[in-house]
Amino acid sequence: LDGINLRRLALNTLRKKIAVVSQHTEIFNRTVHENIAYGKPHATRKEVIEVAKKANAHEFIMAFKQGYDTLVGEKGVRLSGGQQQRISIARALLANPEILVFDEATSSLDSESEISIQKAMFSVKGKYTIIIIAHRLSTIEHADIVIVMDKGKIAEMGTHHELLMREASLYKKMRKLQRLGELRP
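Computed from a predicted structure; not experimentally measured.

Further remarks concern the pattern of salt bridges. This structure, assessed with the given rule, holds six salt bridges. Put simply, Glu98 and Lys17 hold a salt bridge, and the shortest N to O gap is 2.9 Å. Taken together, the residues span a long stretch of sequence, with Glu98 in the loop between α5 (81-94) and β2 (99-103) and Lys17 in the loop between α1 (11-16) and β1 (18-22) at a distance of 81 residues. Glu34 is the partner of Arg30 in a salt bridge, and the nearest nitrogen-oxygen pair spans 3.8 Å.

Written out as structure tokens, the structure is:
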């Protein structure tokens, strides 16, 4: 990590450098502000708003009558899946990690929410090292490098376009299968 052998870093130190946004978001029966600031409870309103904007969440938060002071209910029942994911992204950004891991962060979302999450993911490109784990290939089309795993090993790597240009590409095959699935009623 930044030229340092990971084996030389204490596990605590390494964990502080990484934030994860997973498929299953943990939302608490607290306010929007408290949910975003969960890992940094003394975060200022300004800090929370700043990361919410980067996470594409500010607009929907401000549509709530009480804005950032809105109680979201047990497990975030007052929020859609896409809204919950954007809260999770804002929470991860507030931690100011060096590495952001999106683990199937768009897999259970509708297309509109997926696009919003993708915009949030790529809005911070260049500031963090971003690792996206996804089966939905539309999520990774704009990645700098795509690594295709097969049976726990690297099968191929390259950009989205490079992998599509290869004749016997596993990525190309997966893309074709996903496109066929999207066309079915």
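All right, on to the pairing of β1 then. Here β1 shows a buried face lined by Ala19 and Val21 and an unburied face lined by Ile18, Val20 and Ser22. Pairing of β1 with β2 involves five bridges; the strand directions are parallel. Residue pairing across strands places Val20 opposite Val101, the latter belonging to β2.

On to the layout of surface pockets, then. Counted as a void, the largest pocket has a volume near 700 Å³. Along the wall of the largest pocket there are 24 residues; nearest its centre are Ile132, Ile140, Ile145, Val146 and Ile147. Listed by contribution, the elements that provide at least two residues to the lining of the largest pocket are β3 (129-133), β4 (146-150) and α8 (170-183). Per-element accounting of the lining of the largest pocket gives the leading share, five residues, to β3. Partitioned by chemical class, the residues of the lining of the largest pocket number 17 nonpolar, four polar and three charged. Empty space within the second largest pocket amounts to approximately 290 Å³. Taken together, the elements giving at least two residues each to the lining of the second largest pocket come down to β1 and α5. Sort the elements by how many residues they give to the lining of the second largest pocket and α5 lands first, with four residues. Looking at the lining of the second largest pocket residue by residue, the class counts come to eight nonpolar, five polar and three charged.

Analysis parameters
- Residues numbered from 1 in each chain as written.
- Predicted model: local features only at pLDDT ≥ 70, side-chain atom pairs only at ≥ 80, totals over all residues.
- Heavy atoms only, no water.
- Salt bridge = Lys/Arg side-chain N within 4 Å of Asp/Glu carboxyl O.
- Helix = DSSP H or I, 4+ residues; strand = E, 2+ residues; numbered from the N terminus.
- Buried < 20%, exposed > 50% of the residue type's maximum accessible area, 1.4 Å probe, protein only.
- Pairing = 2+ DSSP bridges.
- 1 Å grid on protein atoms, 1.4 Å probe; cavity = no way out; pocket = protein on both sides within 12 Å on 5 of 7 lines; lining within 4 Å.
- Points joined across faces, edges and corners; volume = space filled by probe spheres on them.
- Nonpolar A, V, L, I, M, F, W, Y, C, P; charged D, E, K, R; others polar.

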